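Here are the chains, one letter per residue:
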Amino acid sequence: MTTNTRNSQALDVPRDGVATLLIFFGIAFAPALIGTAFAPDLWYESLNKPSWNPPGWLFGPVWTVLYLLIGYAGYLAWSSSVGAARQNAFWIFALQLILNALWTPLFFGLRSLGLSLVDIIALWLAIFLNVIVFYRLKPAAGLLLAPYWLWVTFALILNATIWWLNR
């Protein structure tokens, strides 16, 4: 058995599925690419933030892991099913990625704490639905989205707190 075969089997990816997995990683990282155009600046530094606000360096590593999990979950769900159930699940998958991609331009670009809060509430709900529909297609796919949902739960509370402190 070659190293490539062993590595793809460790992720439960057949050799002919590697390209599909890479496509899903690309799709999952798309919101991050959009977000790079809207970095925190002096405006963000001037906001009142809670004492439990994470340090800036933490966000990159956390989101990298989360996007990898999102991509792999998408791949597993896609590979496990066909038909209407898969189609409906991927409408929700697309919706949560769009809402994810919108948050950074709303928060850092428009500097709208209120609109970003509305967006992240919708994102939280969309991820929750995505966990459910992916779990029904393949339990591991739904479970892989759980850390994403938990992180966005934290981010929602943080966004709400920053909005409240800066009304």
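Notes on the structure follow. (Residues numbered from 1 in each chain as written. Predicted model: local features only at pLDDT ≥ 70, side-chain atom pairs only at ≥ 80, totals over all residues. Heavy atoms only, no water.)

Here we look at the overall build of the chain
So the rule is basically this: Helix and strand assignments follow DSSP, with helices taken as H or I runs no shorter than four residues and strands as E runs no shorter than two, numbered in order from the N terminus. Under the scheme applied here, a residue whose accessible area is under 20% of the maximum for its type counts as buried, over 50% as exposed, and between as partly exposed, the area being computed with a 1.4 Å probe on protein chains only. Residue contacts follow a heavy-atom distance rule, with two residues in contact if any of their heavy atoms lie within 4.5 Å. For every accessible area listed, the method is Shrake-Rupley and the probe measures 1.4 Å; residues are considered covered only by the protein chains on display.
Helix and strand content of the chain: 8 helices and 0 strands. Secondary structure elements of the chain occur, N-terminal to C-terminal, as α-α-α-α-α-α-α-α. By principal-axis analysis of the C-alpha atoms, the chain measures approximately 55 × 35 × 25 Å. Taken across its 167 residues, the chain has 41% of its residues classed as buried. Here the contacts in the chain between residues at least 6 apart in sequence split such that 78% fall between residues at least 24 apart. Working note: accessible area of the chain is about 9200 Å², and carbon and sulfur atoms make up 71% of it.

As for the packing of helix α5 (residues 84-109) against helix α6 (residues 113-137)
Which entries qualify depends on this criterion: For helices, the fitted line uses only the C-alpha atoms of the stretch in contact; every axis is such a line through C-alpha atoms, and the angle between N-to-C directions lies from 0 to 180 degrees. Small angles under 35 degrees read as roughly parallel and large ones over 145 as roughly antiparallel, with 65 to 115 read as roughly perpendicular and the rest as oblique. Crossings are classed by handedness, with left-handed meaning an anticlockwise turn of the near helix from the far one by less than a right angle and right-handed meaning a clockwise turn. Under the grouping applied here, Gly and all other residues not named as nonpolar or charged are polar, the nonpolar ones being Ala, Val, Leu, Ile, Met, Phe, Trp, Tyr, Cys and Pro and the charged ones Asp, Glu, Lys and Arg.
Direction vectors running N to C along α5 and α6 enclose 155 degrees, while the axes themselves pass 8 Å from each other. One finds that α5 runs roughly antiparallel with respect to α6. Crossing handedness for the pair α5 and α6: left-handed. Taken together, the residues that form the contact of α5 with α6 break down as 22 nonpolar, 4 polar and 2 charged.

A look at helix α4 (residues 59-80)
Our working rule: What a helix is expected to span follows from its residue count: subtract one and scale by 1.5 Å.
Across its 22 residues, α4 extends 31 Å between first and last C-alpha, which sits within 8% of the 32 Å expected from 1.5 Å per residue. Of all the positions in α4, only Val-62, Trp-63, Leu-66, Tyr-67, Ile-70, Gly-71, Tyr-72, Ala-73, Gly-74, Tyr-75, Leu-76 and Ala-77 are classed as buried. Considering only its buried residues, α4 is in contact with α2 (18-35), α5, α6, α7 (139-144) and α8 (146-165).

Topic: α6
An α-helical segment advances 3.6 residues per turn. Residues three or four places apart therefore align on the same side. Taking 1.5 Å per residue as the helical rise, α6 with its 25 residues ought to reach 36 Å, and the 36 Å between its terminal C-alpha atoms agrees with that figure. For α6, the complete set of buried residues consists of Leu-113, Ser-116, Leu-117, Asp-119, Ile-120, Leu-123, Ala-126, Ile-127, Asn-130, Val-133, Phe-134 and Leu-137. Residues of α6 that are buried in the fold lie against α3 (42-46), α4, α5, α7 and α8.

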